[in-house]
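Here is what each chain is made of, one letter per residue.
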Amino acid sequence: MTSEVNGLLIRKLAVAYGRKKVVRSFSLGPVPRGAVLALLGPNAAGKSTLLRGIAGLGSASGEVLFDGIDLARLSRVERAKKIVYMPQSQPPGIALPVIEAVMSACSGLMGREAAMRQGYDALAQLGASDLSMQLLSELSGGQRQMVALAQAIVRRPDVLLLDEPTSALDLRHQIRVMECATVLAREQGTIVLAVLHDVPLALRYADTVAVLKGGDLMAHGEPEMIVTPQMLADIYGIEARVERCSHGRIQIMVDGTLAQ
Ligand SMILES: Nc1ncnc2c1ncn2[C@@H]1O[C@H](COP(=O)(O)OP(=O)(O)O)[C@@H](O)[C@H]1O
Ligand SMILES: [Mg+2]
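Nothing here was measured: the structure is a model prediction, and the numbers come from that model.

Visitor: Could you clarify how one ought to interpret the overall build of the chain in this entry?
Guide: Across its full length, the chain holds nine helices and twelve strands. Within the chain, buried positions represent 48% of all 260 residues. Considering only contacts within the chain whose residues lie at least 6 apart along the sequence, 65% involve residues at least 24 apart. Measuring between centres, the 27 positive side-chain charges of the chain sit 6 Å from its 25 negative side-chain charges.

Right, here's the structure in full:
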């Protein structure tokens, strides 16, 4: 089935592991080009499973449409040009220089010279140029995460799915990564879907926030409308205040956990 709608549209997506249904009927969108969407939810809510389903990995049913085209109808190669998925954990690195690893992520999409230029650009954008000559096998967890991100953005996909892209990063690199996601969205029209546990980071950088619990979409909308003390209690089981700081940014003050 096709649709005239632009952007990313997800209809009744269901994802299972064997007979275990994790995501039952997830619908979202259309998410317009250039949007950054943060996917929030407690552990085991099905966030990673959902991202894998959107990426077309594993056993999924339903529709994922981009600019009206059902991605399931595309060949693997064509789909991989449109949608790139960065998993939550990275495979152990091999003894390959980082720049080579980043270039290999876009081999087949462009020539070697263009790939090298894009590779250095991607690392610079993430503030990780210093890693380019290091061996993948000798990186820290956070450095490995930065390289995985460079490998994802260098492909210049229409839809970028990032599973906890900031989980291993120090504060400076967390900001760099979210700024980079915003620049990709604004300048290239990329749709970025990022699973985040850091709610203040989502509030600061996402255009919209989607909340997943028990495999179901509980809410989707502007961050300020969605992230409320009630939502933090219902979704995370915490007692928290949502207040503006002296710079006008929304902050979350956690006062404790609630009995569940
Ligand atoms: N490979 C798997 N096989 C079976 N069940 C899985 C597998 N991966 C995840 N699950 C289950 O699916 C549910 C959602 O997991 P996941 O999508 O990883 O959650 P989240 O990313 O929100 O923490 C959990 O109950 C988890 O145990
Ligand atoms: Mg996960």
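Once you've had a look at it, read on.
Visitor: Teacher, can you tell me more about the site of ligand 1 here?
Guide: Residues in close proximity to ligand 1 include Tyr-17, Lys-20, Val-22, Pro-42, Asn-43, Ala-44, Ala-45, Gly-46, Lys-47, Ser-48 and Thr-49, which together make up its full environment. Ala-45 has a polar backbone atom sitting 3.1 Å from an oxygen atom of ligand 1. Taking Lys-47, its side chain carries an N or O atom lying 2.8 Å from an oxygen atom of ligand 1. Within the complex, 61% of the 560 Å² of free accessible area of ligand 1 lies under protein. Mapped by element, the contributors of at least two residues to the shell around ligand 1 are strand S2 (20-31) and helix H1 (47-55). Ranked by the residues each element gives to the shell around ligand 1, the list is headed by H1, at three residues.

Conventions and cut-offs
Residues numbered from 1 in each chain as written. Chains lettered and ligands numbered in written order. Predicted model: local features only at pLDDT ≥ 70, side-chain atom pairs only at ≥ 80, totals over all residues. Heavy atoms only, no water. Helix = DSSP H or I, 4+ residues; strand = E, 2+ residues; numbered from the N terminus. Buried < 20%, exposed > 50% of the residue type's maximum accessible area, 1.4 Å probe, protein only. Contact = heavy atoms within 4.5 Å. Lys, Arg positive; Asp, Glu negative; His and termini not counted. Charge placed at Lys NZ, Arg CZ, Asp CG, Glu CD. Near = heavy atom within 4 Å. Polar contact = N/O pair within 3.5 Å; in protein donor to acceptor, adjacent residues only side chain to side chain. Areas by Shrake-Rupley, 256 points an atom, 1.4 Å probe, with all protein chains shown as cover.

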